[in-house]
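# Descriptive structure summary
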Amino acid sequence: MSIDYAAQILEGSPRAAARLISWLEDEDPRAYEWMPKIYPHTGRAYIIGITGAPGAGKSTLTDKLARVIRKSGLKVGIIAVDPSSPFTGGALLGDRVRMSELSNDPEIYIRSMATRGFLGGMAKATGDVVRVLDALGKDIILIETVGVGQDEIDIIGIADTTCLVMVPGLGDAIQSMKAGIMEIADIFLINKSDKQGADQLCSEVCSRLDIDSQIKTTVWTPLVTKAVAVEDIGIEELWQAIETHRRHLFDSGRFQEKRRDRIYQETLRMIHNELFRVVREHLQQDGKLDSAVEDIMSRKIDPYTLMREIVSEWLSIPQLKKEAS
Ligand code: GDP
């Protein structure tokens with residue numbers, strides 16, 4: 001008899017979850033057989049994004065935070081995303097530390113994801129893994145990722161509460177605050193507060209947020225907390241800050257709004273990916289793209305017209321056809 005992976009995941013089997021996640025990563029069609037079956041059981045977990053520069057202490061912090069959350073009886077899933085690493089180096093190292101310390105707890109599930117080409121993008125892959133852990137019964141899902149590029153900003157967009165980890169002595173911190181990741185942080189955590197410059201960084205962040213709140217009409221003013229992750233200092237306070245933000249989201253109705261926005265974006269992205277996959281496959285199969293590239297090289301045709309021709313042919317949209325001709 002064939003295995004019912006959905007039923008097993010819903011019963012909390014980490015092995016079944018690991019199998020489904022591997023299929024998702026490999027773009028194995030079996031993944032899409034089971035995802036629709038678990039989907040109705042998702043949407044319950046609360047998702048927390050932990051982001052920041054490499055070495056800021058995200059892994060250490062995620063570990064400590066997971067322990068604090070476990071104390072309240074909640075089940076925890078951890079996804080460590082390392083899009084910058086071609087060899088999973090950082091993620092694996094972090095995992096080894098965690099595995100030794102957290103693996104005794106069956107209610108904590110840890111999964112690291114490194115770049116593997118992910119045709120649909122890291123954000124989609126991460127979103128899929130979040131759903132699997134959600135169906136597995138995890139109450140809180142921590143996504144840990146380096147906050148540098150658009151990929152990571154997309155990943156962090158999955159989170160309900162986003163925590164940006166900053167550390168003193170990493171150059172001009174305020175300068176890096178211009179990056180988009182600053183805009184979506186709900187909590188700023190000044191880690192390594194045992195080091196010189198932590199107070200200064202803290203007041204720089206606070207005054208920047210002050211200015212922001214004067215020029216922008218935001219409903220939420222980000223919280224700033226301090227920690228020394230290695231010494232387990234400030235972790236309870238971080239959890240409290242997350243709880244405060246969570247309550248704010250629920251009380252203000254922003255939670256539903258955020259989730260709706262996310263589902264909208266995810267659905268759009270899935271349609272985009274699938275269309276792209278189907279079209280690319282066909283173009284590659286019949287060699288049409290290869291010959292078109294030759295024609296573009298010799299300037300017989302330009303890529304703009306070709307793009308319209310291909311799209312209009314696929315969709316049979318008269319309007320596009322007219323524009324293409
Ligand atoms: P990540 O790359 O952001 O995941 O950072 P890690 O969690 O791997 O931490 C990088 C280094 O900083 C490790 O050597 C940690 O032990 C150290 N570290 C983490 N938190 C603190 C802290 O609060 N104070 C100090 N002094 N070191 C820390």
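That block above? That's the structure.
This text gives an overview of the structure that appears in the document. (Residues numbered from 1 in each chain as written. Predicted model: local features only at pLDDT ≥ 70, side-chain atom pairs only at ≥ 80, totals over all residues. Heavy atoms only, no water.)

Quick look at the overall build of the chain now. When its secondary structure is counted, the chain shows 15 helices and 7 strands. Burial status across the chain gives 44% buried among its 325 residues. Counted over contacts in the chain with a minimum sequence separation of 6, partners at least 24 positions apart contribute 76%. As displayed, the chain offers around 17200 Å² of accessible surface, 55% of which is attributable to carbon and sulfur atoms. (Helix = DSSP H or I, 4+ residues; strand = E, 2+ residues; numbered from the N terminus. Buried < 20%, exposed > 50% of the residue type's maximum accessible area, 1.4 Å probe, protein only. Contact = heavy atoms within 4.5 Å. Areas by Shrake-Rupley, 256 points an atom, 1.4 Å probe, with all protein chains shown as cover.)

Looking now at helix α14 (residues 303–315). Across its 13 residues, α14 extends 18 Å between first and last C-alpha, which sits within 8% of the 18 Å expected from 1.5 Å per residue. Where α14 begins, the capping side chain belongs to Asp302, and its oxygen is found 2.9 Å from the backbone nitrogen of Tyr304. Of the residues one or two after α14, Ser316 is the one with positive phi, at around 50 degrees. (Expected span 1.5 Å × (residues − 1). Polar contact = N/O pair within 3.5 Å; in protein donor to acceptor, adjacent residues only side chain to side chain.)

Another point: the site of the ligand. Around the ligand, 15 residues are found, and the nearest of them are Gly55, Lys58, Ser59, Thr60 and Asp194. Within the side chain of Lys192, a nitrogen or oxygen atom sits 3.0 Å from an oxygen atom of the ligand. With the chains in place, 68% of the 580 Å² that the ligand exposes on its own is no longer accessible. Per-class residue counts for the shell around the ligand are 6 nonpolar, 5 polar and 4 charged. (Near = heavy atom within 4 Å. Nonpolar A, V, L, I, M, F, W, Y, C, P; charged D, E, K, R; others polar.)

Moving on, we get to the nonpolar core. Ranked by size, the top nonpolar core spans 33 residues in total, and within it Ile9, Leu20, Ile79, Val132, Leu133 and Ile143 carry the most contacts. Breaking this core down by element, the ones donating at least two residues are α1 (5–10), α2 (14–25), α3 (29–38), β2 (76–82), β3 (108–114), α6 (122–135) and β4 (140–146). Sorting elements by how many residues they give to this core places α6 first, with 8 residues. Here Ile79 is in contact with Arg111, Met113, Thr126, Val129, Val130, Leu133, Ile141, Leu142, Ile143 and Glu144, once residues within four sequence places are set aside. (Core = buried A, V, L, I, M, F, W, Y, C linked by side-chain atoms within 4.5 Å.)

On to the side chain of Lys58. Along the chain, the position of Lys58 falls in helix α4 (residues 58–71). Glu144 provides the closest opposite charge to the buried, unpaired Lys58, separated from it by 5.9 Å. A distance of 3.1 Å separates a polar side-chain atom of Lys58 from the backbone oxygen of Gly52. Discounting residues that sit within four places of it in the chain, Lys58 has contacts with Ile50, Thr51, Gly52, Ala53, Glu144, Thr145, Val146 and Val165. (Lys, Arg positive; Asp, Glu negative; His and termini not counted. Salt bridge = Lys/Arg side-chain N within 4 Å of Asp/Glu carboxyl O.)

Attention now goes to the packing of α4 against helix α11 (residues 235–252). α11 packs onto α4 with a crossing angle of 70 degrees between their chain directions and a minimal axis gap of 9 Å. In terms of their interaxial angle, α4 and α11 are classed as roughly perpendicular. Contacts from Leu61, Lys64, Leu65, Val68, Ile69 and Lys71 of α4 reach α11 at Ile235, Glu236, Leu238, Trp239 and Ile242. (Axes fitted to C-alpha atoms, helices over the stretch in contact; angles between N-to-C directions. Parallel < 35°, antiparallel > 145°, perpendicular 65-115°, else oblique.)

Turning our attention to the packing of aromatic side chains. Each aromatic ring pair is characterised by the separation of its centres together with the angle its planes make. Overall, the coordinates contain 4 aromatic pairs when judged by the stated rule. Taking 5.8 Å as the distance between ring centres and 70 degrees as the angle between the ring planes, the aromatic pair formed by Tyr5 and Trp34 counts as edge-to-face. Highlighted residues: Tyr5 in helix α1 and Trp34 in helix α3, separated in sequence by 29 residues. For Trp34, a relative accessible area of 10% puts it in the buried group. Among the aromatic residues, those joined into a ring-pair cluster are Tyr5, Trp23 and Trp34. Its guanidinium or amino end placed over the ring of Tyr46, Arg246 lies 5.0 Å from that ring's centre, counting from NZ or CZ. (Phe/Tyr/Trp six-rings, centres within 6.5 Å; stacked < 30°, edge-to-face > 60°. Lys NZ or Arg CZ within 6 Å of the ring centre and 35° of its normal.)

A word on unusual backbone geometry. Here the phi dihedral of Lys192 falls at roughly 55 degrees; this positive angle occurs in a residue that is not glycine. With respect to the helices, strands and loops of the structure, Lys192 is situated in the loop between β6 (187–190) and α10 (198–215). Positive phi is not limited to glycine here, since Arg299 has a value of about 60 degrees. Tracing the backbone through its elements, the reader meets Arg299 in the loop between α13 (288–297) and α14. For Arg299, a relative accessible area of 68% puts it in the exposed group.

What follows is about the sheet that holds strand β5 (residues 161–166). Hydrogen bonding along the main chain pairs the strands of a sheet, whether they run parallel or antiparallel. Taking strand neighbours across the sheet as the criterion, the 7 strands line up as β3-β2-β4-β1-β5-β6-β7 in an open arrangement whose pairing is parallel. Of all strands in the sheet, those with a lone pairing partner are β3 and β7 (223–226), marking the two edges. On average, each strand axis in the sheet is tilted by 20 degrees relative to the strand beside it, whichever way the strands run. Pairing of β2 with β3 involves 7 bridges; the strand directions are parallel. Its bridge partner lying in β3, Gly77 is registered against Tyr109. (Pairing = 2+ DSSP bridges.)

A rise of 1.5 Å per residue sets the reference length of α2, with its 12 residues, at 16 Å; its end C-alpha atoms lie 16 Å apart and thus fit the reference within 8%. All of the buried residues in α2 are Ala16, Ala17, Leu20, Ile21, Trp23, Leu24 and Glu25. Packing partners of the buried residues in α2 comprise α1, α3, β3 and α6. Phi turns positive, to about 55 degrees, at Glu27, one or two residues after α2.

The subject of this paragraph is the pairing of β2. In terms of residue burial, β2 counts as a mostly covered element, since 7 of its 7 residues are buried. Burial of β2 is two-sided: the residues Val76, Ile78, Ala80 and Asp82 facing one way and the residues Gly77, Ile79 and Val81 facing the other way are all buried. Two elements, β2 and β4, share 6 bridges in a ladder whose sense is parallel. Across the sheet, the residue bridging to Ala80 is Glu144, located in β4.

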